[in-house]
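# A closer look at the structure
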Amino acid sequence: MPTVPCIRSVRQVLLSAATAAVLMGCFTPANAADDKTIAVIVPTLKIAVLQVESQAAVDAATKLGYKTIVLTHDFNTAAELKDADQIITAKVVGAVWNVADPDASAVSVKKVRDAGIPVINMDRVLTKHEIANASLQSDNFQCGALAAQAFVDIVGDTGNYAEIRGPASDA
């Protein structure tokens with residue numbers, strides 16, 4: 001079965017992003033004895049691509065000597081605010097964050113930044129992207145075109161299909 005290149009390369013992008021974050025000075029490599037932790041926040045672990053996304057971030061952080069905590073918010077900004085409080089209390093040294101909502105999540109991200117914790121915003125990017133230290137996103141138009149072509153390659157030019165819509169912020 002063909003795979004869609006934009007999904008297959010998510011792991012590579014995130015590993016590169018973690019390395020870029022270190023180079024940008026957002027996070028510095030940890031000494032294992034320092035017991036420093038990076039938070040990885042994603043909407044859910046029930047979606048395969050988000051499992052890959054979170055695991056890639058955990059792997060990259062671990063490779064750099066960090067411990068990690070993985071939190072989810074189920075696309076709920078109230079839960080996301082609780083995640084923000086949790087990582088502030090845990091005194092993490094940074095957060096890699098796929099936000100719940102491009103507009104409303106700015107409150108949680110700003111709260112974490114105001115606590116002195118750097119934030120790398122990934123995938124669903126904040127409308128006010130400057131609130132995060134860095135923002136990483138995919139080209140959803142290109143991914144959609146690649147997915148459509150893969151669909152046609154599998155199904156052919158005619159046939160029955162169902163369209164499953166996700167959050168508007170993912171379009």
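Residues numbered from 1 in each chain as written. Predicted model: local features only at pLDDT ≥ 70, side-chain atom pairs only at ≥ 80, totals over all residues. Heavy atoms only, no water.

### Focus: the pattern of salt bridges
Inspection of the entire model under this criterion finds two salt bridges. A salt bridge links Asp 85 to Lys 111; the shortest N-O distance between them is 2.4 Å. Of this pair, Asp 85 sits in helix α4 (residues 77–89) while Lys 111 sits in helix α5 (residues 106–114); the two residues are 26 residues apart in sequence, bridging distant segments of the chain. Taking relative accessible area as the criterion, Asp 85 reaches 32% and is therefore assigned partly exposed. Among the residues examined, Lys 111 registers a relative accessible area of 35% and is labelled partly exposed. The closest approach of N and O atoms between Lys 110 and Asp 114, which form a salt bridge, is 2.9 Å. Taken as a pair, Lys 110 and Asp 114 lie in helix α5 at a separation of four residues, close to a single helical turn. What makes Lys 110 partly exposed here is its relative accessible area of 44%. Its relative accessible area of 58% is what places Asp 114 among the exposed residues. (Salt bridge = Lys/Arg side-chain N within 4 Å of Asp/Glu carboxyl O. Helix = DSSP H or I, 4+ residues; strand = E, 2+ residues; numbered from the N terminus. Buried < 20%, exposed > 50% of the residue type's maximum accessible area, 1.4 Å probe, protein only.)

### As for the confidence of the model for the chain
Predicted confidence across the chain gives a mean pLDDT of 81, with 76% of residues reaching 70 or more. Confidence drops under pLDDT 50 across residues 1–8; counting only partners more than four residues distant or on other chains, this segment forms 11 contacts. (pLDDT = per-residue confidence, 0-100. Contact = heavy atoms within 4.5 Å.)

### A look at the sheet that holds strand β4 (residues 119–122)
The five strands are arranged β2-β1-β3-β4-β5 in an open sheet whose pairing can be described as parallel. Of all strands in the sheet, those with a lone pairing partner are β2 (67–72) and β5 (134–136), marking the two edges. Neighbour-to-neighbour, the strand axes of this sheet turn through a mean angle of 20°, independent of strand direction. Here β4 pairs with β5 via three bridges, running parallel. Directly across from Met 122, in β5, lies its bridge partner Leu 136. On the sheet, helix α3 (residues 48–63) packs against β1 (37–42), β2, β3 (94–97) and β4 and is oriented at approximately 170° with respect to β1. (Pairing = 2+ DSSP bridges. Axes fitted to C-alpha atoms, helices over the stretch in contact; angles between N-to-C directions.)

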